[in-house]
Amino acid sequence: MNGLQGAVKAYHKAYSERLVRSSQLAENLRLGPRQIPEVYRLLPPICEAFGIEEPELFLTMGPVNAFTIGHTRTSITIYSQLLDHLSLDEVEAVLAHECGHILCEHMLYHSMAQVIELAVSLGGSAGIPFASALLKVVAGPLRISLSNWSRKSELSADRAAAAYMGDPDPIRRVMFRFAGLRHDSPYTHDAGQFSAQALEYEALRESRWDRFLQWQVGQASTHPLLAVRVREIEGWATTPRFEKLAELAGYVRTAPRCGMCGHRIQEQWRHCQVCGGALAVAAMPAG
């Protein structure tokens, strides 16, 4: 495993991360104090709270989604429809979720899973039946383990987001948006009803057959099912650990910040000493 880790790190540092960043700079919008600052300014407080280096933040055309990539040089990409479908605090929760992946150092193992899938795919197309079959047998258990770990890593990132937001509600509403309703939908809707629906889903686990069917559905997805994520995050929010982390994050979120770059400022400043923006209005908290 250590050899695979080293190989994946070297591969991403020398090739894939450079390739992705080149594509991002050529095709996507990099957010900053003067490029959609309303969204960008949410990122620095999260990184400060988590104690991580700030990743680059890009916007690209696409569905309601976001992803983080890179191990030695990390970036977050959000899709355009995410901004259309989610309220600003829900977008903030998504950014905190992605930063949670960075905090937990998930990116390397996600990359390892991708490399293994690529190796199996290339082996299958090589036209050498014995080698292809052997590769599948050897890689099979590792693929299953990494796939299960990957789904669980999403729950860890959800926990990080909920703790940073100080409330499970924003990340719970994100799951609600993924199910299909925009934050400004004209239809009557209630995220709490989705929580009740998730509870009903959990009740199905009393049957062994239903547990097997749920397992089958879950194996077909790269992420935990939405109902599972809702129930997990609600359970996590009742623990003393959550309360402690939320309290610590609250000190960071409520600190006075520049309205353009989101970095901390001092009351006597007239210009932000990070982005240089004029502080003509009262300093604002992160969220």
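Quick word on unusual backbone geometry
Phi at I36 is positive, roughly 55 degrees, even though this residue is not glycine. Inspection of the secondary structure puts I36 in the loop between β1 (29-30) and α2 (37-40).

Some words on the sheet that holds β1
Read across the sheet, four strands follow the order β1-β2-β4-β3 without closing on themselves; strand pairing throughout is mixed. Strand pairing shows two members of the sheet lacking a second neighbour, β1 and β3 (66-69), which therefore form its edges. Pairing geometry for strand β2 (residues 56-60) and strand β4 (residues 75-79), over five bridges, is parallel. Directly across from T60, in β4, lies its bridge partner Y79. Contacts between helix α5 (residues 88-103) and the sheet are confined to β2, β3 and β4, with β3 contributing the most and set at about 25 degrees to the helix.

Structural notes on the nonpolar core
Formed by 52 residues in total, the largest nonpolar core has its most connected members in L57, I78, L95, C99 and I171. It is α5 that contributes the most residues to this core, seven residues altogether. Other than its neighbours up to four places away in sequence, I78 contacts L31, V39, L57, F58, L59, T60, N65, A66, L83 and L95.

A look at the packing of aromatic side chains
According to the stated counting rule, one finds five aromatic pairs in the structure shown. Ring centres of F50 and Y164 lie 6.1 Å apart, and the angle between their planes is 75 degrees; on these two criteria the pair is classed as edge-to-face. Placement of the pair is F50 in helix α3 (residues 43-50) and Y164 in helix α7 (residues 129-165), with a sequence separation of 114 residues. You'll find F50 and Y164 in the same group, each marked buried.

Overview of empty space enclosed by the protein
Evaluated as defined, the whole model comprises one cavity of 30 Å³ or more. Of the voids in this model, the largest cavity is the one considered here, and its volume is about 70 Å³. Residue lining of the largest cavity: E17, V20, R21, Q24, E56, I69, G70, R73, T74 and S75, and that is the complete set. For the lining of the largest cavity, the leading source of residues is helix α1 (residues 2-27), giving four residues. Class assignment of the residues belonging to the lining of the largest cavity gives a composition of two nonpolar, four polar and four charged.

So, the pattern of salt bridges
Counted by the stated rule, this structure contains 15 salt bridges. Note that R177 is salt-bridged to E90, the shortest N-O span being 3.1 Å. Highlighted residues: R177 in helix α8 (residues 169-178) and E90 in helix α5, separated in sequence by 87 residues. Two residues, R229 and D158, come together in a salt bridge whose shortest N-O distance is 2.9 Å. With a gap of 71 residues between them, R229 in helix α11 (residues 226-236) and D158 in helix α7 connect regions that are remote in the sequence. With respect to burial, R229 and D158 carry one shared label: buried. One network of salt bridges, with partners in common, ties together D89, E90, D169, R172, R173, R177, R231 and E234.

A word on the packing of α5 against α8
Helix packing geometry: the angle between the two helix axes and the distance between the axes. Packing of α5 against α8 brings their axes to within 9 Å, and their N-to-C directions diverge by 100 degrees. Here α5 lies roughly perpendicular to α8, going by the angle between them. For the pair α5 and α8, contact is made by D89, E90, A93, V94 and H97 and by P170, I171, R173, V174 and R177, respectively. Per-class residue counts for the contact of α5 with α8 are five nonpolar, one polar and four charged.

Quick look at the pairing of β4
Burial of β4 is extensive: five of the five residues sit out of reach of the surface. Where burial is concerned, the two faces of β4 agree: the one with S75, T77 and Y79 and the one with I76 and I78 are both buried. With four bridges joining them, β3 and β4 adopt antiparallel strand pairing. Bridge pairing links A66 to I78 in β4. The turn joining β3 and β4, which pair antiparallel and follow one another in sequence, is formed by five residues; a positive phi near 105 degrees is taken by G70.

A few points about the pairing of β2
With five of five residues buried, β2 is to be regarded as a mostly interior element. Every second residue of β2 is oriented toward a common face, with E56, F58 and T60 on one face and L57 and L59 on the other, all of them buried. Sheet topology places β1 next to β2; two bridges connect them, and they run antiparallel. Bridge pairing in β2 places L29 opposite L59.

Observations concerning the environment of L42
Along the chain, the position of L42 falls in the loop between α2 and α3. With a relative accessible area of 1%, L42 lands in the buried category. Separated by 218 residues in the primary sequence, L42 and M260 have C-alpha atoms spaced 9.5 Å apart.

Analysis parameters
Residues numbered from 1 in each chain as written. Predicted model: local features only at pLDDT ≥ 70, side-chain atom pairs only at ≥ 80, totals over all residues. Heavy atoms only, no water. Helix = DSSP H or I, 4+ residues; strand = E, 2+ residues; numbered from the N terminus. Pairing = 2+ DSSP bridges. Contact = heavy atoms within 4.5 Å. Axes fitted to C-alpha atoms, helices over the stretch in contact; angles between N-to-C directions. Core = buried A, V, L, I, M, F, W, Y, C linked by side-chain atoms within 4.5 Å. Buried < 20%, exposed > 50% of the residue type's maximum accessible area, 1.4 Å probe, protein only. Phe/Tyr/Trp six-rings, centres within 6.5 Å; stacked < 30°, edge-to-face > 60°. 1 Å grid on protein atoms, 1.4 Å probe; cavity = no way out; pocket = protein on both sides within 12 Å on 5 of 7 lines; lining within 4 Å. Points joined across faces, edges and corners; volume = space filled by probe spheres on them. Nonpolar A, V, L, I, M, F, W, Y, C, P; charged D, E, K, R; others polar. Salt bridge = Lys/Arg side-chain N within 4 Å of Asp/Glu carboxyl O. Parallel < 35°, antiparallel > 145°, perpendicular 65-115°, else oblique.

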